[in-house]
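Results of the structural survey
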Amino acid sequence: MSTDSMSTDSAMSPDTTQIHNIGYRDYEGPRLGRAYARRSLYAQSLRGAYGLGRSAKSKVLPAILFAVMCVPAAIMVAVAVATKAKDLPVDYTRYAIFMQAVIGLYLAAQAPQTVSRDLRFKTVPLYFSRPIERVDYVLAKYGAMASALFVLTAAPLVILYVGSLLAKMDFGDQTAGFGQGLVSVALLSILFGGLALVMAAFTPRRGFGVAAVIATLTITYGAVSTVQAIAWSTESTGVVKWLGLFSPITLIDGVQTAFLGASSSFPGGEGPTAGSGVVYVLVVLALIFGSYAVLMRRYRKVGL
C-alpha cells in the first residue's frame, strides 16, 4: 500500500473525526400561523399592485393611471364650484362606466404582475411549504386585486363627493349618490378582479396575460355595445337588456340601473328592470364564485 493511501486512511479514521458546532438553535419565537401569513401575502400583493416596495419603474404606470382616474373628477369639481352648479355633471354610479378603459388598462398591467411572476419563477410551491394553504393563497391574491381596484375606482368618487359639499350641493342627495357609487365600484372591483386574475393565472407569460385581460374586459364591451345598437336600430328593443349579460361592464351597468337608481348607458337608456335585474345579479355572483373556483382548481395543480 502506498504512503498516500495510508495517509488518506489515517485522515478518514474515527480517531481524527471532529464535529463542529456552528451555532444552530431551535426557533423559540412566536409562531404566527396561517392567518398572519395570509395577511402578509395580502398586504404584499396590494402594495405590489401600486409598485410599492418595488423599483421606481414599477410605480410609474400605476401612478399615471391613478392620476388619469382622478383628474377628470377634480376638473368636474372645479367647474361645479366655479359655476355654483346644483348638481355634478356625472352621477357617482356612472363615473366608473365612463372610465372603463383606464380600469381595463390597470387590470391588464397589474393582474399578471400579481400572479404571473409566481408562476414564471415557480415560487408557488415555496409558498405552500409554509403554514399557508391553497385557499389562503387564492384569497390573499383575490382580495388584494379587488382592494387595489376599489382604491382606484373609489378615489375619484371621494373627490366628487368632497367637491359637491364644497359647492354646497344638497347634502342628502350627494350622500345617497356617493353611497350608491361605492356599492357599484365595490361590486365592479370584486367581479373584475376575479376575472382578471383568472385570465392571468393560466399563463406565466405576462404578455399573454395582458392580452387576455384586455380581450375579456374591453373587446367584449365593444362587441356587446355594437350588437345592442344594431338591435335597437332594428327595433328589436326586447333583446337589448339581455345582451348586456355578455359583458362584465354591462353587467355592472345593469345591476346598478335595476337596484341603485342609476341611469343606463344601454341604447335608448332602457336598462333592466328589477325583475330582469335579478338575473344580472345572479350572473354577477356566478362569475365571482366561478372565478374563485377556477383559481382554486388552477392552484391545486400548480402547487404540487
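Just so we're clear, the structure is a prediction, and the values are computed from it rather than from any experiment. (Residues numbered from 1 in each chain as written. Predicted model: local features only at pLDDT ≥ 70, side-chain atom pairs only at ≥ 80, totals over all residues. Heavy atoms only, no water.)

1. Details of the nonpolar core
Core analysis: the biggest nonpolar cluster contains 66 residues, and Tyr 106, Leu 107, Leu 160, Phe 192 and Tyr 299 have the highest contact counts within it. Secondary structure elements with two or more residues in this core: helix H3 (56-83), helix H4 (92-98), helix H5 (100-120), helix H7 (134-166), helix H8 (171-201), helix H9 (206-233), helix H11 (248-259) and helix H12 (274-302). With 12 residues, H7 is the largest single contributor of residues to this core. Aside from chain neighbours lying at most four places away, what touches Leu 160 is Ala 73, Met 76, Val 77, Leu 88, Val 90, Tyr 92 and Tyr 95. (Core = buried A, V, L, I, M, F, W, Y, C linked by side-chain atoms within 4.5 Å. Buried < 20%, exposed > 50% of the residue type's maximum accessible area, 1.4 Å probe, protein only. Helix = DSSP H or I, 4+ residues; strand = E, 2+ residues; numbered from the N terminus. Contact = heavy atoms within 4.5 Å.)

2. Re the pattern of salt bridges
This structure, assessed with the given rule, holds 5 salt bridges. With a closest N to O distance of 2.5 Å, Arg 38 and Asp 136 form a salt bridge. Taken together, the residues Arg 38 in helix H2 (residues 33-48) and Asp 136 in helix H7 connect sequence positions 98 residues apart. The exposure class of Arg 38 is partly exposed, given its relative accessible area of 28%. In this structure Asp 136 comes out as buried when scored by relative accessible area, which is 1%. A salt bridge links Asp 253 to Arg 94; the shortest N-O distance between them is 3.6 Å. (Salt bridge = Lys/Arg side-chain N within 4 Å of Asp/Glu carboxyl O.)

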